Amino acid sequence: MALSKPTFFTHLRTLTRSQHLLHQAPAPPIVTLRFLSFASPEEAAAERRRRKRRLRIEPPLSSSSAARPQSQPSKPQSPQNPNAPKLPEHISALSGNRLNLHNRILTLIRENDLEEAALFTRHSIYSNCRPTIFTVNAVLNALLRQSKYSDLLSLHRFITQAGVAPNIITHNLIFQTYLDCRKPDTAMEHYKQLINDAPFNPSPTTYRILIKGLVDNNKLERAMELKEEMTMKGFVPDPLIYLYLMVGCVRSSDPDGVFKLFEELKEKLGGTVEDGVVYGSLMKGYFMKEMEEEAMRCYEETVGVNSVVKMSAIAYNSVLDALCKNGKFGEALMLFDRMTKEHSPPRRLAVDLGSFNVMVDGYCIEGRFKDAIEVFEKMGDYRCSPDTLSFNNLIEQLCNNGMLADAEELYGTMGDKGVNPDEFTYGLLMDSCFKANRPDDAAGYFRKMVESGLRPNIAVYNRLVDELVKLGKINEAKAFFDLMVKKLKMDASSYQFIMKALSESGQLDEMLNVVDTLLDDDGIEFSEELQEFVRGELRKEDREGDLGKLMEEKERVKAEAKAKEAEAAEAQKRSAKAAVSSLLSSKLFGNKEGEKESAVNEMQSGQEDSGKTELAESNP
DNA sequence: ATAGGGTTAG
C-alpha cells in the first residue's frame, strides 16, 4: 500500500498519521501488486487471467439484461445509459476493511482532526480499501459543522469524480452547505438535479433543510411553494416545517400568513397542535395585528393549567420573547420564574442559554441593565453557559447605553469562562472607546483583535482609521494601514483616505509610499481617477512629476522580476528533467508519464478504475 | 456505525 501510486502521494504530504494507521490494515497482497510492476511476467499474466475470470463471473449489467427477455420492464435500472447515476451502496457495504477505515476516520473526526480525516478519505480512494459513502458523509458532516465549506465542497467534488455514488444524506449535506453560504439558488439547482436524476427520492429532512434555508435566505415564497410540492409528493409537512414558515412570516411582518399556516397545521393534526414551538410565532402574529387580547388568550391556552401543549425550553423561549418584545414584561418574568422552577436537569430541561438571552434583552428593553447583568450571571446556576454571541449581546446593550465600564468588566470575564471574543466583540469595544474619548484604548482593542488571529472586516478598519485621523493621529493611522494592508482587501477609497490624510499633514513622501504599496497590490486597479487625485495632491508642492517617475520605476522593477522568474522556471525545468531521467529506470517512483502508462495498463485490463487518472491529475 | 429538533441577539 505504502508503495502504490507514489507520485500521487507526493502531491499530498509526506507520511501522515493516517497513513501510519493505514499500515496496520490487513491488505490482501494481490491488490498491492496491482499497482506495481509484477515480480515476474508470469505473475502479471496470472493477475490478468484472474481479472478476466472475475468479469465472466460478474458480467457487466448491460450484457446480463440484454440476455434477459424483454418482458421485465419493472427493473428500474437504465443500463443503456452509461452516465446514469449510480445507486448508492447499501449499508451492508460497510463491513470488513471498509468498516475499519470508517471507524478510524470517525476517530479522527472525534479528535477534531478534520484535515486529517478528509485527507485520509481522499487517500483511501486510491487504496485497496475504498471509503463507503457513509464514511464520506461523516467527514462532510463534520466539515459542515465547522463551517469549512470550501473543504467540504472540494471533498465532495473529489468523491464525485471518483465515482463514489452519493446517497440522500450526501445531497442533504450539500443543500445545507449552499444554504449556509447564502447561495439558495445553487442549493435549489442541486435540488432540481436530485429530483430529475437521482435514482432515489428526497427525504423529509431534505424538505426541512430546504424550507428552513430558504426562509433564512429571505426566500419565503419559494419555501411556501416547496411545502406544497412536498405535500403533492406525499410527504406530510410537520409542525417543524410550519414553524419555519411562520417564523418567516413574522420576520416579513405578515401576520395573516402566520394565522393561515397555523390553521392549516391545526387542521392537518386533527384540531389541536400539541407541539409548543409554534405558539410564540402565533402570539407575535396577534401582537403585530394589535390583537393583544387574542395574543394573551393564546398565551393562556399554551401555558395555562388545562393546556395539552408540550413545551420545550425552546418553545418557552419563543413565547417569552413574544412577551418581552410586546410590553408584557411582567408576564415574562412570571413565565421565566416558572421555567426555572420546572427546570430539573437532566430529566426536564425548561430553560437553556437562549432563555437567559431573551431575558437579558427583556431587562434591557425595560432599561434595567443591572438586572440584565444579574440574570446573565445566573446562567451557571441552571447548568447553562453563555457563548460568544450571548456575551456580545449584553456587551452591545451596555455599550449602547453608556455603561462601557460594565461592558469591559464583562469582557474581562470571558477568558475565565472559556469563551473567546470575536470580531464583533472587539469592534463594539473599539467604537465605544472612541465615543468615550479613549482613542488609545480603542486602538488597543483593534490591535488585540488582530493579534489574536481574528480578521477584522474593512468597515471596522475604516472606522478606526477615520477616528484616528479625525484626532490628528495620522502616524498611528498610517501604522494601522501598514499593519492591515496585506491582511485586508483594501478598496480604492481606503487607499485614498490614508493618502489624503498623509498629504494634508504635509507628508507627501509617505503618501507616495502608499502609492508604491498600491502598485504592488494585485487586488486593486490604480484607476485614472485615483491617479488624478494623487497628481492633484502632488501639484500642491509642484511635485506632479513624482508620480510618473514612481510608476516608471515600478514598471522597470516588475519587468526585471518577470525576467528573473522566467529564468528561474527554465532552470527548474532543466533540473526536473535531469531528475526524471535519473529516475526513469525505477518504475517505483515513476514520473508523470510513468504513471499514465501504468494507469493505461490498468484500464485495459479492467473497467472499474476508469476516471482515476483524470482525478489524480486534476486534484491538488 | 451516515442527516436531522425548533427560539432570541449583529
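Attention in this report is confined to the structure presented alongside it. Keep in mind the model is a prediction, meaning the values are calculated, not measured.

Re the protein's contact with DNA strand B
Point 1. DNA strand B sits among 40 residues. The nearest are Thr205, Asn317, Gly354, Asn357 and Phe424.
Point 2. If you list the elements that add at least two residues to the surface near DNA strand B, you get helix 8 (133-145), helix 10 (168-180), helix 12 (204-216), helix 14 (239-251), helix 18 (313-324), helix 20 (353-365), helix 22 (388-399) and helix 24 (423-435).
Point 3. Its residues assigned to classes, the surface near DNA strand B comprises 18 nonpolar, 15 polar and seven charged.

Some thoughts on the environment of leucine 428
Point 1. Of note, leucine 428 is situated in helix 24.
Point 2. Exposure remark for leucine 428: the 22 C-beta atoms within 10 Å place this residue in the buried category.
Point 3. Considering only alpha carbons, one finds leucine 428 and alanine 501, 73 residues apart in sequence, at a separation of 25 Å.
Point 4. When residues no more than four places from it in sequence are discounted, the contact partners of leucine 428 are Asn392, Ile395, Glu396 and Cys399.

Some remarks on the packing of helix 27 (residues 474-484) against helix 28 (residues 492-504)
Point 1. At a minimum axis separation of 10 Å, helix 27 and helix 28 run at an interaxial angle of 150 degrees. Relative to helix 28, helix 27 is oriented roughly antiparallel. As helix 27 packs across helix 28, the resulting crossing turns out to be left-handed. Note on element contacts: helix 28 touches helix 27 through Ile498, Ala501 and Leu502, opposite Ile474, Ala477, Lys478 and Phe481.
Point 2. Of the residues that constitute the contact of helix 27 with helix 28, the class distribution is six nonpolar, no polar and one charged.

Details of unusual backbone geometry
Point 1. That bond from proline 345 to proline 346 is cis: its omega, 0 degrees, falls within 30 degrees of zero.
Point 2. Within the secondary structure, proline 346 sits in the loop between helix 19 (329-342) and helix 20.
Point 3. The phi torsion at asparagine 218 lies on the positive side, around 60 degrees, for a residue other than glycine.
Point 4. With respect to the helices and strands, asparagine 218 occurs in the loop between helix 12 and helix 13 (220-232).

Observations concerning helix 10
Quick reminder: α-helices carry 3.6 residues per turn. Residues three or four places apart thus point the same way.
Point 1. Counted at 1.5 Å a residue, the expected span for helix 10 with its 13 residues is 18 Å, and the 18 Å between its end C-alpha atoms agrees.
Point 2. Counting buried positions along helix 10 yields 10 of 13 residues, so the element is predominantly enclosed.
Point 3. For helix 10, the full list of buried residues reads Thr170, His171, Asn172, Leu173, Ile174, Phe175, Gln176, Thr177, Tyr178 and Leu179.
Point 4. Looking at the buried positions of helix 10, the neighbouring elements they touch are helix 8, helix 9 (149-161), helix 11 (184-197) and helix 12.
Point 5. Backbone geometry just downstream of helix 10 places arginine 182 in the positive-phi region, at approximately 60 degrees.

Conventions and cut-offs
- Residues numbered from 1 in each chain as written.
- Chains lettered and ligands numbered in written order.
- Predicted model: local features only at pLDDT ≥ 70, side-chain atom pairs only at ≥ 80, totals over all residues.
- Near = placed C-beta within 6 Å.
- Helix = DSSP H or I, 4+ residues; strand = E, 2+ residues; numbered from the N terminus.
- Nonpolar A, V, L, I, M, F, W, Y, C, P; charged D, E, K, R; others polar.
- Buried ≥ 20, exposed ≤ 12 C-beta atoms within 10 Å, placed from the backbone.
- Contact = placed C-beta atoms within 7 Å.
- Axes fitted to C-alpha atoms, helices over the stretch in contact; angles between N-to-C directions.
- Parallel < 35°, antiparallel > 145°, perpendicular 65-115°, else oblique.
- Left-handed = near helix turned anticlockwise from the far one by under 90°.
- Expected span 1.5 Å × (residues − 1).

Shape is all these values report; function is a separate question.
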